[in-house]
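# Secondary and tertiary structure notes
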Amino acid sequence: MTKFQYNKSVTSRDVAKLAGVSQSTVSRVFGNGSVKAEARERVLKAAEQLGYRPNFMARSMIRGKTNIIGIVVGEGMGPFYHSILNELIDKFQAAGKQCLMFRVTKRDNIDNIVLKVLQFQVEAIVITAPAIKKDIKQISISSDVPIVLFNRYIEQPDVGMVYVDSVMGAQLAAKHLCGLGHKRIGYVCYMNDTREEIEKRAGFSSVLQQNHIFMMACEKVDYTYESGYEAGKKLLNHEKKKRPSAVFCTSDVTALGLIDAAKKEFGLTIPKDLSVIGYDDIPMARWNAYDLTTVRQEYGRLVEETMGLIEHFAELKEERTVRRIEPKLVVRSSTAQYTDL
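Residues numbered from 1 in each chain as written. Predicted model: local features only at pLDDT ≥ 70, side-chain atom pairs only at ≥ 80, totals over all residues. Heavy atoms only, no water.

Okay, unusual backbone geometry next. Working note: non-glycine residues mostly have negative phi, and peptide bonds are mostly trans. Between I270 and P271 the backbone carries a cis peptide bond, its omega angle lying at 5 degrees. Examined against the element boundaries, P271 turns out to sit in the loop between α11 (252-266) and β9 (275-280). Positioned with a positive phi, Q121 is a non-glycine residue whose angle comes to about 55 degrees. In this structure, Q121 sits in the loop between α6 (110-118) and β3 (124-127). Within the chain, D281 stands out as a residue other than glycine whose phi angle is a positive 65 degrees. With respect to the helices, strands and loops of the structure, D281 is situated in the loop between β9 and β10 (293-296). (Helix = DSSP H or I, 4+ residues; strand = E, 2+ residues; numbered from the N terminus.)

What follows is the structure, encoded as structure tokens:
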């Protein structure tokens, strides 16, 4: 059969005429409706011959349902959020929806970005960007479009929220290091004071204070391997009795950089000379070269709960819906009992 290139002038009416069916049958075929196998085959063959491609956006506007989910992301997300966004998009597409992604830079006002997203007639908005403002509440109410904060939390908004408990995650890390007998503990965190970072520091510090540790060396970095490496050079550039015996990094990727700095710049052995614990449990944390002890954010649960909130939009409109997920400590070989040798 001869194949023609896509022709914008070809309509569903032309396909129906060639296939010998009604126009509504053509619509049902491309809308995954109920159509007899023989009629479906005739429609698909006619569409291929004519080079017909359905205009899903136009059909969506007619139905008043676009099946488009807007996703708003921030800068410098790191490998954790890249992995989790890939899974989120895969799940949406498997459910017959498409994703439209918008990036918020440090110069942007997130409320203005959300208003732009709404212009695309999206069915829901998922926000992972850290700079959340309370104006989001009013936007959600006035637009009647569900907004879900993805691993983000703000006080008293009329939006959905799915997040991992950052305070608890940092407490797990601190309890692990204190339980191993470490007293000189370093801390490597994100350079911006996002709510998540503030909560991690509060949780970590509270456990240290309970164990009578009131000081810790701290470096603020970007979420990159290179930043972690530089932080390691600064934190560990002391004689043995003054440098940390353990370091907690609030992201795995910075922990990996710090480990390599410890080995290459100072000849330290992990965990004999230095214990290191990360946060997220990205795939690289499991590599044999690192085997990183870390706090796992259950991103499978994050994705499932987010989709659940969107599917139950009626519930979102009626009340504030928050899903809190507990993190888990994953102990590997990058941490060990403190020994003063």
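Okay, the pattern of salt bridges next. One pass over the full model with this rule turns up 17 salt bridges. Between E41 and K45 there is a salt bridge whose closest N-O contact spans 3.1 Å. Here the residue E41 and the residue K45 both occupy positions in helix α3 (residues 37-50), the gap between them amounting to 4 residues, near one helical turn. For the salt bridge of E305 with R301, the shortest nitrogen-to-oxygen distance reads 3.5 Å. (Salt bridge = Lys/Arg side-chain N within 4 Å of Asp/Glu carboxyl O.)

Another aspect to go through is the pairing of strand β5 (residues 160-164). Side chains on a regular strand alternate between the two faces of the sheet. In terms of residue burial, β5 counts as a mostly covered element, since 5 of its 5 residues are buried. Alternating residues of β5 divide into G160, V162 and V164 and M161 and Y163, and every residue in both groups is buried. As paired elements, strand β4 (residues 147-150) and β5 share 3 bridges and run parallel to each other. Within the sheet, the bridge partner assigned to L149 lies in β5 and is M161. The pairing of β5 with strand β11 (residues 322-325) spans 4 bridges and is classified as parallel. The residue of β11 that forms the bridge with V164 is I325. (Buried < 20%, exposed > 50% of the residue type's maximum accessible area, 1.4 Å probe, protein only. Pairing = 2+ DSSP bridges.)

This next bit is on the sheet that holds β4. Strands sit in the order β2-β1-β3-β4-β5-β11 across an open sheet of 6 strands; the sheet is parallel. Every other strand in the sheet has two partners, leaving β2 (98-103) and β11 as the edge strands with one partner each. Going from strand to strand, the sheet's axes swing by 15 degrees on average, the running direction of each strand aside. (Axes fitted to C-alpha atoms, helices over the stretch in contact; angles between N-to-C directions.)

A few words now on the sheet that holds strand β6 (residues 185-190). One open sheet accounts for 6 strands, arranged β7-β6-β8-β9-β10-β12; its pairing is mixed. Of all strands in the sheet, those with a lone pairing partner are β7 (217-221) and β12 (328-330), marking the two edges. Within the sheet, the average angular offset between the axes of one strand and its neighbour, ignoring direction, is 20 degrees. By the bridge criterion, 4 bridges tie β9 to β10 in an arrangement that is parallel. Bridge pairing links D280 to R296 in β10. Relative to the sheet, helix α9 (residues 195-210) contacts β6, β7, β8 (246-249) and β9, its axis offset from that of β6 by approximately 170 degrees. Of the strands in this sheet, β6, β7 and β8 touch helix α10 (residues 225-235), which is tilted by about 155 degrees from β7. (Contact = heavy atoms within 4.5 Å.)

Geometric values such as these leave the question of function open.
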